[in-house]
Amino acid sequence: MKKAGIGICIAALTGILTACGTEENTSVSEEEPLRILATTSQVGDMVNDIGGEYVEVETLMGPGVDPHLYQPTQEDIGKLANADIIFYNGLNLEGNMQEVFDNVGSETTAVPVAENIPEDMLQTEADSDSTDPHVWFDPDMWSYTADAVTEELSSLNAENSEYYEQQGEAYKSMLTELDTYAEEELGRIPDESRVLVTAHDAFGYFGGAYDLEVEGLQGLSTDSEYSVRDVDNIVNLLVEREIGAVFVESSVSGRSINAIIEGAARQDHEVEVGGELYSDAMGDAGTEEGTYEGMFRHNIDTIAGSLQ
């Protein structure tokens, strides 16, 4: 869809949203669970863990869905209008939905959880002022989003605030344990092999947290283009450093990674797919990879196993 078409579509959808909202959601029933809408599975899983029995969480973007390219539907607008509160990542991860969030704010609280992270911890794209939104790949940073969720739930449902605070602390303890596990497992990768090549630049915070050099063929968004020169630069790096594995992503086409493998082969350097990583989306519901912790552990094990 062309940019102009997107704007018209969103304008129409936000008009529907305004019509649907007859009064501001300032309070909720203490007997019924909070109706919560989350955009990404990472955000939804966290809200569900912290809210526990007092929330019902629906997530818009499931397994394999790319939030950078996601287009809100008329059905989504109805879900947004009926929610007691909306949690989304922010930092332009859900780029095509930002206008919707801006408009829904007058009817239902919409919380960009990643914007609770101190600005000095955030990274920007090289030669751009775009902020990297993939903050869930650093557990220390993600803990700030847990604080935002705890605070908002406690404000909306004060009677259960102590419960939310306890759940929030338990969630952050899990993040600490996960961070320790990542340091131990990824620390086993030899210095010369600490290069993580993926389809798009989703693992910058991950690389910074665990001392990995990260190269993504596309930029921060999968909407960005890549050139033959970009492919050649990564191929040359792989050949020079004798790196034998690159990684595909569950929510991104493998076409770009195949271009790298084929380019390396033309230089008589064998590169294989080291495995599939979860980047902008998690795994199927009901699986280990369908939880934030399981997704993160899967990525750690896959990267460590392929680069050692």
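Details of the structure are given in the entry above.
Residues numbered from 1 in each chain as written. Predicted model: local features only at pLDDT ≥ 70, side-chain atom pairs only at ≥ 80, totals over all residues. Heavy atoms only, no water.

Remarks on the packing of helix H8 (residues 228-241) against helix H9 (residues 255-266)
Orientation of H8 relative to H9, taken along the N-to-C sense of each, is 55°, at an axis distance of 9 Å. The pairing of H8 with H9 is recorded here as oblique in orientation. Pair H8 / H9 crosses with right-handed handedness. Side by side, H8 and H9 meet where Val231, Ile234, Val235 and Leu238 of the first sit next to Ala259, Ile260, Gly263 and Ala264 of the second. Considering only residue class, the contact of H8 with H9 consists of seven nonpolar, one polar and no charged. (Axes fitted to C-alpha atoms, helices over the stretch in contact; angles between N-to-C directions. Helix = DSSP H or I, 4+ residues; strand = E, 2+ residues; numbered from the N terminus. Parallel < 35°, antiparallel > 145°, perpendicular 65-115°, else oblique. Left-handed = near helix turned anticlockwise from the far one by under 90°. Contact = heavy atoms within 4.5 Å. Nonpolar A, V, L, I, M, F, W, Y, C, P; charged D, E, K, R; others polar.)

A word on the side chain of Asn299
For Asn299, the position within the fold is in helix H10 (residues 292-307). Overall, Asn299 belongs to the buried group, its relative accessible area being 1%. Within polar-contact distance, the side chain of Asn299 engages the backbone oxygen of Tyr278 at 2.8 Å. When residues no more than four places from it in sequence are discounted, the contact partners of Asn299 are Phe137, Phe203, Leu277 and Tyr278. (Buried < 20%, exposed > 50% of the residue type's maximum accessible area, 1.4 Å probe, protein only. Polar contact = N/O pair within 3.5 Å; in protein donor to acceptor, adjacent residues only side chain to side chain.)

Points about the pattern of salt bridges
A complete count under the given rule lists eight salt bridges for this structure. As a salt-bridge pair, Lys79 and Glu58 come within 3.0 Å of each other at their nearest N and O atoms. A residue pair is termed long-range when its members are at least 10 positions apart, and Lys79 in helix H3 (residues 74-82) and Glu58 in strand S2 (residues 55-59) qualify at 21 residues. A salt bridge links Lys79 to Glu75, with the nearest nitrogen and oxygen atoms 3.8 Å apart. Residue Lys79 and its partner Glu75 are both found in helix H3; the two are separated by four residues, about one turn of the helix. (Salt bridge = Lys/Arg side-chain N within 4 Å of Asp/Glu carboxyl O.)

Considering the layout of surface pockets
Considered as a void within the structure, the second largest pocket measures approximately 260 Å³ in volume. Broken down by secondary-structure element, the contributors of at least two residues to the lining of the second largest pocket are helix H2 (41-51) and S2. A per-element tally of the lining of the second largest pocket places H2 first, with four residues. Of the residues that constitute the lining of the second largest pocket, the class distribution is five nonpolar, eight polar and one charged. (1 Å grid on protein atoms, 1.4 Å probe; cavity = no way out; pocket = protein on both sides within 12 Å on 5 of 7 lines; lining within 4 Å. Points joined across faces, edges and corners; volume = space filled by probe spheres on them.)

Quick look at a negative patch on the surface
Taken together, the side chains of Asp191, Glu192, Asp211 and Glu242 present a region of like negative charge at the surface. Note on placement: Glu242 falls in the loop between H8 and strand S7 (245-249). By relative accessible area, which is 65% here, Glu242 ends up exposed. (Patch = residues over 30% accessible without salt bridge, like charges linked within 9 Å, V, L, I, M, F, W, Y side chains within 5 Å. Areas by Shrake-Rupley, 256 points an atom, 1.4 Å probe, with all protein chains shown as cover. Lys, Arg positive; Asp, Glu negative; His and termini not counted. Charge placed at Lys NZ, Arg CZ, Asp CG, Glu CD.)

So, the nonpolar core
Ranked by internal contacts, the top residues of the largest apolar core, which has 53 residues, are Phe87, Leu186, Phe206 and Tyr292. Taken together, the elements giving at least two residues each to this core come down to strand S1 (34-38), H2, strand S3 (85-88), helix H5 (139-156), helix H6 (161-186), helix H7 (204-210), S7 and H10. Apart from residues no more than four positions distant in its own chain, Phe87 is found in contact with Ile36, Leu37, Ala38, Thr39, Val43, Val47, Val111, Val113, Val149, Glu152 and Leu153. Listed in part, the 18 residues of the second largest apolar core include Val197, Leu217, Val231 and Ala264. (Core = buried A, V, L, I, M, F, W, Y, C linked by side-chain atoms within 4.5 Å.)

By themselves, these observations are geometric and do not establish any function.
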